[in-house]
Amino acid sequence: MSDTLVKMTGVGKSFSGVSVLRNVNFTLQAGEVHVLAGENGAGKSTLIKILSGVHNEFTGTMEVFGKAVRFASPLEASRTGISVIHQEMSLIPQMDVVDNIFLGRELRHRPWRVDRAAQERETRRLLARLGLDINLRKPVEEYPMPVRQRIEIAKALAFEARVFIMDEPTSAIPEADVARLFDIIRQLRREGFGIVYISHKMEEIYTIADRITVLRNGEWVGTAAATDMPERDLVKRMVGRELDSRFPPRLGTVGTEPRLAVRNFSLRDPDNGDRRLVRDVSFTVNRGEIVGISGLQGSGNSELLNALFGSYGSLATGTVELDGTVISPPAPGKSIAAGLALLTNDRKASGLVPDASIVNNISLASLRRMSSRSWVNAKKEMEAAERQRRSLRIRLRSLGQPIATLSGGNQQKTLLGRWLETGPKVLLLDEPTRGVDVGAKFEIYDLMNQLTAAGLAIVLITSELPELLAMADRILVMHRGGITAEFSRENATQENIVHAAMGA
């Protein structure tokens, strides 16, 4: 059999007469990690949906394992040997590990009787191959995301997949587990599997890629070995222009007066009142300042921002002052009115209203200002949406289209527009560039500079340490709910941040 696992030639795809892919070529070899790179909206998702059977109406040809194919469904693609590891797991949370792995292909004694013992033996063998020894009878929802990810890979191995498509696989797992995932990918590569890998993180691309294919605006820009496509060249191909740096220089002067002051702030665990997720945290953020908050998964940094905003209600205790005014008790409505805004770390679960229009998503936090006698002023809504579209350069067909139809980067910019429309004094940003391409990231960094230059204060959480070091004026590090260290911009390094995040 040929070493070429996948060959796509001249592939094109249109939706409602709008072309999203044009004459794209892509190949995947056995024992290769092939990174598919491009900005949000470049066509990456459409291409892998064709490969995985989601879209079967397209122009051009596709060969898998040497045979011309046009999959009728994702199930047919899966049975042929194509497996997709999504950002959001396809596992069924309430089912146990074994049932998830063998769902739809149960091992049977007889046609009517499942051989549970054989399934458990095979599951244990597959998971051992991935370095995992867990209780197979627990629901998968009880396991953390990195474990679920390996269960998903085991499921693909059970289906005898030879091609793995990994779409932003590290976006929902902590930094400490990324190295373990890369070890598994290297193991699969050594065993002759082909991996299509999508990521917007430059460090990951150059750690794991053998070859890189770049798409831009639905067209093939180029394919080369990773060693022959340096980062500067990759970025230029992705965005169509030179970016002098991944990060703009910090602008403006940090003020001396606090905009946000947090004192003796704690948060009780909603599931265990005797446990505190945040413990006696105190800090200030000055006018024009970006304060980064770092920490490993479970450190309490995301819970801190949500509690400051009022998401946990009376479970939070302590003092929160905004420009000298105490917000008590914390509640989202009070926070918005006072000038506090929160961009959460999971836009799909707690940010977007996916079927609502872009206009409605932008106006959601400002409806009181746009309403009179319980009626929303549609003209004001549209004006606000258009103002944010221009300011943030949101790429769209129409302000009336559902936000779910936008690329990830444009969804994120729309959510930022929602909070900017409230006229905030302090922005709480939790992973603002997660799942966002390099061009959109630069635009978000530039926006942060503009906002702080105008006097806003920003609290930033990001799992990307280069981003944290480049954008934060000060960095606080959390471990087990408390602050263990504080670093100025001058003395912050990746090493001392990680050291502090582990409790030192």
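Residues numbered from 1 in each chain as written. Predicted model: local features only at pLDDT ≥ 70, side-chain atom pairs only at ≥ 80, totals over all residues. Heavy atoms only, no water.

*Asks:* Could you clarify how one ought to interpret the sheet that holds strand β13 (residues 258-269) in this entry?
*Replies:* By way of backbone hydrogen bonds, the strands of a sheet pair with one another, either parallel or antiparallel. Strand order in this open sheet of four strands is β14-β13-β16-β17, and the pairing throughout is antiparallel. Each edge of the sheet is formed by a strand with only one pairing partner; in this case those strands are β14 (272-286) and β17 (325-326). Judged from the eight bridges that link them, β13 and β14 form a sheet pairing that is antiparallel. Bridge pairing in β14 links Pro258 to Asn286. (Pairing = 2+ DSSP bridges. Helix = DSSP H or I, 4+ residues; strand = E, 2+ residues; numbered from the N terminus.)

*Asks:* Explain the packing of aromatic side chains here, please?
*Replies:* We describe a pair of aromatic rings using the distance from one ring centre to the other and the angle between the two ring planes. Summed over the entire model, instances satisfying the criterion amount to four aromatic pairs. Each ring, one from Phe247 and one from Tyr445, has its centre 5.1 Å from the other, and the planes form 35°; the classification is tilted. Placement of Phe247 in the loop between α8 (231-239) and β13 and of Tyr445 in helix α15 (residues 438-453) is noted, with a sequence separation of 198 residues between them. Centroid distance Phe309 to Trp419: 5.7 Å. Interplanar angle 85°. Geometry classified as edge-to-face. Within this pair, whereas Phe309 is found in helix α9 (residues 301-309), its partner Trp419 is found in helix α14 (residues 408-420), the two being separated by 110 residues in sequence. In this structure Trp419 comes out as buried when scored by relative accessible area, which is 10%. In this arrangement the basic side chain of Lys138 is found over the ring face of Tyr143, its NZ or CZ atom lying 4.7 Å from the centre. In this structure, Arg162 is placed above the aromatic ring of Phe65, and the distance from its NZ or CZ to the ring centre is 4.9 Å. (Phe/Tyr/Trp six-rings, centres within 6.5 Å; stacked < 30°, edge-to-face > 60°. Buried < 20%, exposed > 50% of the residue type's maximum accessible area, 1.4 Å probe, protein only. Lys NZ or Arg CZ within 6 Å of the ring centre and 35° of its normal.)

*Asks:* Help me understand unusual backbone geometry, please; the structure alone is not making it clear to me.
*Replies:* If a residue is not glycine, its phi is most likely negative; likewise, a peptide bond is most likely trans. In this structure, Phe65 is a non-glycine residue whose phi angle is positive, near 55°. Among the structural elements, Phe65 can be located in the loop between β4 (59-64) and β5 (67-68). The class for Phe65 is buried, based on a relative accessible area of 16%. Positive phi values are uncommon outside glycine, yet Glu168 reaches one of about 50°. When its relative accessible area of 4% is taken as the criterion, Glu168 is described as buried.

So yeah, pure geometry; function would need other evidence.
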